[in-house]
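Working through the structure, step by step
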Amino acid sequence: MSTNVLLVDDSPTVRNILKIYLMNLKVSIVEAEDAQRALQLLRLVPVSVVIADINMPVMDGITFVKEVRASAQAQVKKVPVILLTAEKGNDLRQRGSEAGANAFIQKPVSHDELTKTVRQFLTGG
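Residues numbered from 1 in each chain as written. Predicted model: local features only at pLDDT ≥ 70, side-chain atom pairs only at ≥ 80, totals over all residues. Heavy atoms only, no water.

The protein has the name Response regulator in an unreviewed UniProt entry, where Corallococcus macrosporus is given as its organism.

Following this line, the structure appears as structure tokens:
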């Protein structure tokens, strides 16, 4: 089975940067431009880890995590979610953790931090 990483960001530029950073992990990339589409994809495609922006129109990343954790499908409910944020405040991270996010990465995203964080979820820790 191939390893799929779902990128959820309303910015095509950010998704492209993330794809380039993840190339060395030999994963398949699935993309969604918003959280609604990401939820649809999660029901259809087996995903090993989700990387989602917190600040998105329509549904933000924290609400997205709550929706994932509330899923009736076991494989969707337990998928690791890494949230991306440009904000420095602890309040956002706390709300994300309470929603069920597994990790946070500060924007601008560093190649090393992204691959290290994703790798820990791909290998099960």
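Description of the environment of Pro12
Within the secondary structure layout, Pro12 lies in helix α1 (residues 12–22). Taking C-alpha positions, Pro12 is 7.5 Å from Glu33, a pair spaced 21 residues apart along the chain. (Helix = DSSP H or I, 4+ residues; strand = E, 2+ residues; numbered from the N terminus.)

Thoughts on the UniProt feature "domain: Response regulatory" (unreviewed entry) in the protein
Per the UniProt entry, the sites bearing "domain: Response regulatory" (unreviewed entry) are residues 4–122 in this numbering. Secondary structure over residues 4–122 splits into 47% helix and 20% strand, and the C-alpha atoms at its two ends are 10 Å apart. (UniProt positions renumbered as here; feature names shortened; annotations may be inferred.)

Comments concerning the sheet that holds strand β4 (residues 81–85)
In spatial order, the strands read β2-β1-β3-β4-β5; together these 5 strands make up an open sheet with parallel pairing. In this open sheet, the two edge strands, each paired with only one partner strand, are β2 (28–32) and β5 (103–106). The average undirected angle you get between the axes of adjacent strands in this sheet is 20 degrees. With respect to the sheet, helix α5 (residues 90–99) is in contact with β4 and β5, its orientation differing from that of β5 by roughly 150 degrees. (Pairing = 2+ DSSP bridges. Axes fitted to C-alpha atoms, helices over the stretch in contact; angles between N-to-C directions. Contact = heavy atoms within 4.5 Å.)

A word on helix α2 (residues 35–44)
Buried within α2 are the following residues: Ala35, Ala38, Leu39, Leu41 and Leu42. Considered in projection along α2, the buried side chains sweep an arc of 165 degrees and stay on one side of the axis. Opposite its buried face, α2 presents the exposed residues Arg43 and Leu44, each directed more than 90 degrees away. On its buried face, α2 is in contact with β1 (4–8), β2, β3 (49–53), α3 (61–69) and α4 (74–77). Two to three positions downstream of the cap, the backbone nitrogen of Gln36 sits 3.0 Å from a side-chain oxygen, assigning the N-cap of α2 to Asp34. (Buried < 20%, exposed > 50% of the residue type's maximum accessible area, 1.4 Å probe, protein only. Arc of directions from axis to C-beta. Polar contact = N/O pair within 3.5 Å; in protein donor to acceptor, adjacent residues only side chain to side chain.)

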